[in-house]
Amino acid sequence: MLKRKVIVRNEVGLHARPAKNLVTELNKYSSDVFIEKDDYRVNAKSIIGVLTLAAVKGTELLITAEGDDAEEVLDLVERMFQECLGENPQVVT
Amino acid sequence: MKKLNGIGASPGIVIGKAFVISSEGFQIISRDLSEDEVEREIERFQQAISESKQEILSIKRQFGQDSNEPGLAEIFDTHVHLLEDVLLMGETIEHIRRERKNAEHVFARTVQALEEKFNSVDDEYFRQRVHDIQDVSGRILRKLLGKERRTLANLREKAILITRNLTPAETASMDRRNVLAFATDFGGRTSHASIMAKALGIPAVVGLQNITAQVRNDDVLIIDGQHGIAIIDPDEQTLNEYQMRRERVLESERLLAQLRHLPAQTLDGVTVVLSANIDLPEEVERAMEHGAEGVGLLRSEFLYLNRTLPPDEDEQVEAYAKVVKAVAPNSVIIRTLDLGGDKVPGHFPYHEANPFMGCRAIRLCLNHPEIFKPQLRAILRAGAAGNVKLLFPMITGLNELRQAKQILDEVKQELRAEGAAFNENTPVGVMIETPSAGIIADLLAPEVDFFSIGSNDLIQYMLAIDRVNERIAHLYEPTHPAVLRMLKSIIDASERAGVELSICGEIAGDLPLALVLLGFGIRKFSMAATIIPEVKKLIRSISFGDVKNMAHRLLTFSTPDEVRSEIQRSMAKLVTNYSDYELFVSRT
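Quick caveat: nothing in here was measured; it's all calculated off a predicted structure. (Residues numbered from 1 in each chain as written. Chains lettered and ligands numbered in written order. Predicted model: local features only at pLDDT ≥ 70, side-chain atom pairs only at ≥ 80, totals over all residues. Heavy atoms only, no water.)

## Thoughts on the overall build of chain A
So, step 1. Scanning chain A from terminus to terminus reveals three helices and four strands.
So, step 2. Starting at the N terminus and walking to the C terminus, you meet the elements of chain A as β-α-β-β-α-β-α.
So, step 3. Across the 93 residues in chain A, those meeting the buried criterion constitute 52%.
So, step 4. Of the contacts formed within chain A by residues at least 6 apart in sequence, a portion of 72% connects residues at least 24 apart.
So, step 5. Summing over all exposed atoms, chain A offers an accessible surface of approximately 4,700 Å²; the carbon and sulfur share of this is 44%. (Helix = DSSP H or I, 4+ residues; strand = E, 2+ residues; numbered from the N terminus. Buried < 20%, exposed > 50% of the residue type's maximum accessible area, 1.4 Å probe, protein only. Contact = heavy atoms within 4.5 Å. Areas by Shrake-Rupley, 256 points an atom, 1.4 Å probe, with all protein chains shown as cover.)

## Quick word on the environment of Glu-301 of chain B
All names here are of chain B.
So, step 1. Within the element layout of this structure, Glu-301 appears in the loop between strand E11 (295–299) and helix H12 (313–327).
So, step 2. A relative accessible area of 0% places Glu-301 in the buried class.
So, step 3. Separated by 42 residues in sequence, Glu-301 and Lys-343 have C-alpha atoms that sit 7.8 Å apart.
So, step 4. What Glu-301 contacts, discounting residues up to four positions off in sequence, is Arg-335, Thr-336, Leu-337, Asp-338, Leu-339 and Lys-343.
So, step 5. At a separation of 2.9 Å, a polar atom in the side chain of Glu-301 contacts the side chain of Arg-335. (Polar contact = N/O pair within 3.5 Å; in protein donor to acceptor, adjacent residues only side chain to side chain.)

## Focus on the interface of chain B and chain A
So, step 1. Counting from both sides, the interface comprises 18 residues of chain B and, opposite them, 18 residues of chain A.
So, step 2. Buried surface at the junction of chain B and chain A, both sides included, amounts to about 1,600 Å², of which 74% is carbon and sulfur.
So, step 3. Between chain B and chain A we count zero salt bridges in total.
So, step 4. Our count for the contact surface shared by chain B and chain A stands at five residue pairs in polar contact (both at pLDDT 80 or more).
So, step 5. Per element, the largest residue contribution to the side of chain B that touches chain A is five residues, and it comes from helix H2 (residues 70–83) of chain B.
So, step 6. Class assignment of the residues belonging to the side of chain B that touches chain A gives a composition of ten nonpolar, two polar and six charged. (Buried area = accessible area lost by both parts, 1.4 Å probe. Salt bridge = Lys/Arg side-chain N within 4 Å of Asp/Glu carboxyl O. Nonpolar A, V, L, I, M, F, W, Y, C, P; charged D, E, K, R; others polar.)

## Some remarks on the sheet that holds strand E3 (residues 40–43) of chain A
Residue and element names in this part refer to chain A.
So, step 1. Across the sheet, four strands lie side by side as E1-E4-E2-E3; this open sheet has antiparallel pairing. The outermost strands of the open sheet, each flanked by one partner alone, are strand E1 (2–7) and E3. The sheet shows a mean angle of 25 degrees between the axes of neighbouring strands, taken without regard to direction.
So, step 2. Of the pairings in the sheet, the one linking strand E2 (residues 32–37) to E3 comprises four bridges and is antiparallel in character. The residue bridging Glu-36 from the neighbouring strand is Arg-41, located in E3. (Pairing = 2+ DSSP bridges. Axes fitted to C-alpha atoms, helices over the stretch in contact; angles between N-to-C directions.)

## A word on the sheet that holds strand E6 (residues 204–206) of chain B
All names here are of chain B.
So, step 1. Taken together, the eight strands give an open sheet; going across it, the order is E1-E8-E7-E3-E4-E5-E6-E2, and neighbouring strands pair in mixed fashion. Unpaired on one side and paired on the other, strand E1 (2–5) and strand E2 (7–10) mark the two borders of the sheet. Strand-to-strand, the axes of this sheet are offset by a mean angle of 30 degrees, without reference to chain direction.
So, step 2. Two elements, strand E5 (residues 179–184) and E6, share two bridges in a ladder whose sense is parallel. Considered in E6, the bridge of Phe-182 is made with Ala-204.

## Some details on the pattern of salt bridges
So, step 1. For the structure shown, the criterion picks out 41 salt bridges over all chains.
So, step 2. With a closest N to O distance of 3.5 Å, Arg-4 of chain A and Glu-71 of chain A form a salt bridge. With Arg-4 of chain A in strand E1 and Glu-71 of chain A in helix H3 (residues 70–82), this pair connects stretches of sequence that are 67 residues apart.
So, step 3. Its relative accessible area of 19% is what places Arg-4 of chain A among the buried residues.
So, step 4. Take Glu-71 of chain A: its relative accessible area is 47%, and that puts it in the partly exposed class.
So, step 5. Two residues, Arg-377 of chain B and Glu-418 of chain B, come together in a salt bridge whose shortest N-O distance is 2.8 Å. Highlighted residues: Arg-377 of chain B in helix H14 (residues 369–382) and Glu-418 of chain B in helix H15 (residues 398–418), separated in sequence by 41 residues.
So, step 6. A network of salt bridges, in which partner residues are shared, links Glu-313, Asp-314, Lys-373, Arg-377, Arg-381, Glu-410, Glu-414 and Glu-418 of chain B.

## Side note on helix H23 (residues 560–574) of chain B
Residue and element names in this part refer to chain B.
So, step 1. With 15 residues, H23 extends 21 Å from end C-alpha to end C-alpha; this agrees with the ideal 21 Å at 1.5 Å per step.
So, step 2. Those residues of H23 that fall on the buried side of the exposure criterion are Pro-560, Val-563, Glu-566, Ile-567, Ser-570, Met-571 and Leu-574. The buried side chains of H23 occupy one side of the element, clustering within an arc of 140 degrees when seen end-on. Exposed residues lying more than 90 degrees from the buried face of H23 are Asp-561 and Lys-573. (Expected span 1.5 Å × (residues − 1). Arc of directions from axis to C-beta.)

## A look at the confidence of the model for chain B
So, step 1. Confidence in the prediction for chain B averages 87 pLDDT; 89% of positions are at 70 or higher.
So, step 2. Taken together, the chains of this predicted complex give a pTM of 0.63 and an interface ipTM of 0.83. (pLDDT = per-residue confidence, 0-100.)

## What to know about the confidence of the model for chain A
So, step 1. When the pLDDT values of chain A are averaged, the result is 87; 94% of them are 70 or greater.
So, step 2. By mean pLDDT, helix H1 (residues 16–26) of chain A is the weakest element of chain A at 89, and strand E4 (residues 60–66) of chain A is the strongest at 94.

## Thoughts on the packing of helix H4 (residues 103–119) of chain B against helix H6 (residues 130–145) of chain B
Residue and element names in this part refer to chain B.
So, step 1. Where H4 meets H6, the axes come as close as 11 Å, and the angle between the chain directions of the two elements is 170 degrees. As judged from the angle between their axes, H4 and H6 are roughly antiparallel. Taken together, the residues of H6 that come into contact with H4 (itself represented by Ala-103, Glu-104, Phe-107, Ala-108, Val-111, Glu-115, Phe-118 and Asn-119) are Val-130, Ile-133, Gln-134, Ser-137, Ile-140, Leu-141, Leu-144 and Leu-145.
So, step 2. Its residues assigned to classes, the contact of H4 with H6 shows eleven nonpolar, three polar and two charged. (Parallel < 35°, antiparallel > 145°, perpendicular 65-115°, else oblique.)

## Details of the side chain of Ser-455 of chain B
All names here are of chain B.
So, step 1. The residue Ser-455 is located in helix H18 (residues 455–463) in this model.
So, step 2. Of the residues examined, Ser-455 reaches a relative accessible area of 1% and is grouped as buried.
So, step 3. What Ser-455 contacts, discounting residues up to four positions off in sequence, is Tyr-476, Ile-503, Gly-505, Glu-506 and Ile-507.

## Remarks on unusual backbone geometry
So, step 1. Here the residue pair Ala-328 of chain B and Pro-329 of chain B is connected by a cis peptide bond, since its omega of 5 degrees sits within 30 degrees of zero.
So, step 2. Phi is positive for Leu-85 of chain A, which is not a glycine, with a value near 50 degrees.
So, step 3. Mapped onto the elements, Leu-85 of chain A comes out in the segment after H3.
So, step 4. For Leu-85 of chain A, a relative accessible area of 0% corresponds to the buried category.
So, step 5. The phi angle at Ala-464 of chain B is positive, at roughly 55 degrees, despite the residue not being glycine.

This is the structure in structure tokens:
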């Protein structure tokens, strides 16, 4: 099982739109993907699961993936979080 | 055994079985499946999902044509995603297969677990997402349950209703013969369901927060509407204790009922008129049994709720006349439609951000003469059968009053031209329930025959408190000095103008506050019928002179708490018979 840490950069947190973007992409892969916050773990392919994380801006999340394309999935997840999951990154002043 | 504390909305102790209604207003039954039924059940579930998806997509298309708002489209996309979610749908399918239970049962349980998860989240944005899930899951549940869904209307055996919230429409539609009591997650002492429960004499506890999640159908429950307690699955000792208390309450009710034919007169000879607030014509007999001298407020809305078309004129005449004849020669004050706010019939397409400050009551009626006129005609015609007075709600100024009276004149002319039987001199009054009406009571007085103070809304608007919002319900404070000053000033204005005044709000039946109102000079009270005997007993045990002094002293206090504790202190002294006082304290 592979692991990777990411940080939520979106201004309002991991809310419905970025969660939907994430889930849509992940569902194209065969690996099982999970997100952990503190000791709470959810299926990363479920938008509801992702929303129950209530991950506000700055939250650190642990992503785990298991399966044939696990490495690829984690690269994608890391890139997506860096790019604010498809939302325009907020300019920090 | 589990004991929950809420708000006592309507007194009485009841022991019985629970009937749980989901947030969607229907009951979900658990059913075991045989092995060969399982795959068919999953197919049925998937069918419900795909139908729901089609519906959402079609709504989205509809909105797409009407607006360019990208946010809206996004909400629908999110909802479609929820329909495909592995947690919501995947788990449900897995559990149907594993437990061999019907889809609605398994699905509702999955949704409930998710709701709890969301409700426990600190962040407001994420907590609000629960509404998206409820929206989507409600749609699927409706499909699954189809025509089989059990609603409040067909409750078949006596039970205690457990539900998240009771809307006025639901309260009006339930088969009251079988409702022993009800207990809800939401609501406050003055929310509509509570007022109706009191009117119907159904014990109720509201604001229990999550009783729906903790009770199952057929669990044994104790409801103590006096103290706002619900006990789930009580042990034997508790059960015995409450059975004894129930006997005592029934005994005190029997004693109070003996007062029925005695006048509501103070020790020093001041006589007060106690009449009943009623919602439905069927309640009038019960009101008379409790010793009501007339109907001080007939809320007409309930004729309009729970139906696709408004009632026609003749149907209304019949309903009003039933009440009028039952209380003759005493009077019936019929309030014209107070729709809007939380009472919106199905055939009214209003969705407002601020419904209590929106197009409701007289505002709605003035906008819809096609609804208003038939009602005015019906009220005038019912006046031919007995003593009817007509009351306009939610008046904020003279313009509205004059417009309403103008329409009333037009209607009278029509009736005259038709040669219909009606009371040409039907007295016209306004409900004083907005601060503006209270402040200009002296200006309104010359143009009306009577005032009726609607204290619930008046206090709500004065203090800017949404009384059904349980987070701030405690701020709804009838003893606020601003409220006392307002009441005093309305009473003084009506006395100076020689306009008849009554009060029909909740505080008329709140024993300590009823004394204050009496002290300020009010002589006509209208309240939930079940409270009449107690108020009568209280009035018969005090002297008006004392109460008047107390009421005026209250005007010198600065906070609601000071006022309330002064009232309580005074009551102990004022009520001459100590055992009576004990009775009041135990029931307030």
